[in-house]
Every structure is written in structure tokens, then in C-alpha cells.
Amino acid sequence: MTAPRQAADRASLPERDAAPAILYYIRDPANICTVIGLSLAVVALYLLLHERIHWATVALLAAVACDLLDGQIARRTPGRTPDHGRIGVQLDSLVDIVTSAVVPGTLLLVMGGRQAVFLPGAILIAVAGVLRLSYFNVHSAGGDHFRGLPVYYNPLAVAGAVLLARWLGVYAVYATIVVLVILNLSSLRVPKQRGIGLWCLFGATFALMAALIATN
């Protein structure tokens, strides 16, 4: 093979060797925060396996707090590379699927005694979460509003329903999940939370955690 042909073949190959190692992207405070959030979501799933509903919901809310925090950390990290930012966006979206779709659906199934009647709700919240995040990744960058309810509201609403389930039963959680599915996939314009709005979300998250611990 001639030298020009070899050079052309090398140019056509994906630049795998030029990309940093995968773990290089974890050396970033915001991405570490996102991974901690994923770890907390897995802890929530573990607690659900043992039917510790309130503590599982507390762990889920702690994961949400990490989700709210990682963007703030990213904006305040000096010298953060564009590559870290691009990986961070994908990482955050994938973790959101777990925290805002998989865990709430699993929580519904466990609270419902694993009965088949609760399976559609678990499937719907998973599908809605994936569709919502896929749409956001393609269409919703920039601007002051989201289209459709952002999925990070899902765990907050589900946590509130878990508190209400003491009086209303598991169907309070089921109804909440159905409403969330509709709102996630709607064309509702939801303002992006910054400043005071973001601090209100943090406050609501920690207030729900405190209420769940107090009523456990």
C-alpha cells in the first residue's frame, strides 16, 4: 500500500486514540456531583428492594439535590474545558433517567405490592422520562423556558405523594405519576429556575426530606 493511501486511510478512521481516557472526565467537580447523584439513586433502589419506602425517597431527593447542584458547580468551575461540559450534559441526562423515571416507577411497584395493575404506571413514567430528555437534548438548549415539565420535578412530586399515601394510599402515588407523565410530554412552558427560584427548589427538596424522616 502506498504512503498516500495509508495516510488517507488513517485520516478516515475515528480519532479514538486522540480522545482522553473515559475517567479523565470524572476529574471535574460538576461531573463528580452528578455521579454522586447516580450513586444515591442506586441506594434508593437498594432501599426499595428492602421496602424502606421513606428512606428510599429521602435518598432519591438527595440525588435530586445533586442534580440541581451540578449545574451550579459547572458554571463556577474555573478553566472547565468544553469537553468536560459536553460529557457533563450527556452524563446528567442519563442519570436523570434513573432518578426521575426508573426510581419513581420502581417505588410505585414496591408500594403497590408488585401487583400488575401498577406496572403500566411504572412503564409510562420510564417512557415519558426518556422521551422528555431526548427531546430536551435535541430541541431545548438555550432560552428561558423548558417545553414540558422538566423531569427533575418528578421525584419532588412523588415524594409529596408518598407523604400523602399515609392517608390516601398508594393510588395517590399512581395518580401523581400519571399527571407527571402528561406534564412531562406536554407543550407547557416552564420557566428555567435560576436565583431565587432555584433556591426555592432546594428548599422544597430539603423540606420534603425532613418531613419523610420525621414521619418514618
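Enquirer: Would you take a moment to explain helix α4 (residues 82-111) for this structure?
Expert: Over its 30 residues, α4 extends 42 Å from the first C-alpha to the last, a length consistent with the 44 Å expected when each residue adds 1.5 Å. Along its length, α4 reaches its greatest deviation from straightness, about 30°, at V102, and the proline P104 lies no more than four positions downstream. Backbone geometry just downstream of α4 places G113 in the positive-phi region, at approximately 65°.

Enquirer: How do you make sense of the packing of aromatic side chains when you look at a structure like this?
Expert: Each aromatic ring pair is described using two quantities: the centre-to-centre distance and the angle formed by the ring planes. Per the counting criterion, the structure on display carries eight aromatic pairs. Relative to Y25, the ring of Y24 lies with its centre 5.1 Å away and its plane at 75°, an arrangement referred to as edge-to-face. Pairing F136 with F146 gives two aromatic rings, centres 5.8 Å apart and planes at 50°, and the pair type is tilted. Here F136 is found in helix α5 (residues 119-139), whereas its partner F146 is found in strand β1 (residues 145-147), with 10 residues between them in sequence. Overall, F136 belongs to the partly exposed group, its relative accessible area being 27%. Aromatic ring contacts, followed pair by pair, group F136, F146, Y152 and Y153 into a single cluster. Here K192 stacks its cationic end above the ring of F146, 5.2 Å away from the centre of that ring.

Enquirer: Sorry, what's going on with the side chain of D96 here?
Expert: Within the fold, D96 resides in helix α4. Despite its burial, D96 pairs with no opposite charge, the nearest such side chain being R132 at 8.7 Å. Contact partners of D96, with chain neighbours within four places excluded, come to D67, A101, L133 and V151.

Enquirer: Which parts of the structure should I look at to understand the packing of α4 against helix α7 (residues 171-184)?
Expert: Two quantities define a packed helix pair, namely the angle between the axes and the distance from one axis to the other. Two numbers describe how α4 lies on α7: the axes approach to 10 Å, and their chain directions differ by 155°. On the basis of the axis angle, α4 is roughly antiparallel to α7. By crossing handedness, the relation of α4 to α7 is classed as left-handed. Every residue of α7 that contacts α4 at P104, L107, L108 and M111 is listed here: V173, Y174 and I177. Grouping the amino acids of the contact of α4 with α7 by side-chain chemistry returns seven nonpolar, no polar and no charged.

About the criteria used
Residues numbered from 1 in each chain as written. Predicted model: local features only at pLDDT ≥ 70, side-chain atom pairs only at ≥ 80, totals over all residues. Heavy atoms only, no water. Helix = DSSP H or I, 4+ residues; strand = E, 2+ residues; numbered from the N terminus. Expected span 1.5 Å × (residues − 1). Bend = angle between axes of the 7 residues up to and from the residue. Phe/Tyr/Trp six-rings, centres within 6.5 Å; stacked < 30°, edge-to-face > 60°. Buried < 20%, exposed > 50% of the residue type's maximum accessible area, 1.4 Å probe, protein only. Lys NZ or Arg CZ within 6 Å of the ring centre and 35° of its normal. Lys, Arg positive; Asp, Glu negative; His and termini not counted. Salt bridge = Lys/Arg side-chain N within 4 Å of Asp/Glu carboxyl O. Contact = heavy atoms within 4.5 Å. Axes fitted to C-alpha atoms, helices over the stretch in contact; angles between N-to-C directions. Parallel < 35°, antiparallel > 145°, perpendicular 65-115°, else oblique. Left-handed = near helix turned anticlockwise from the far one by under 90°. Nonpolar A, V, L, I, M, F, W, Y, C, P; charged D, E, K, R; others polar.

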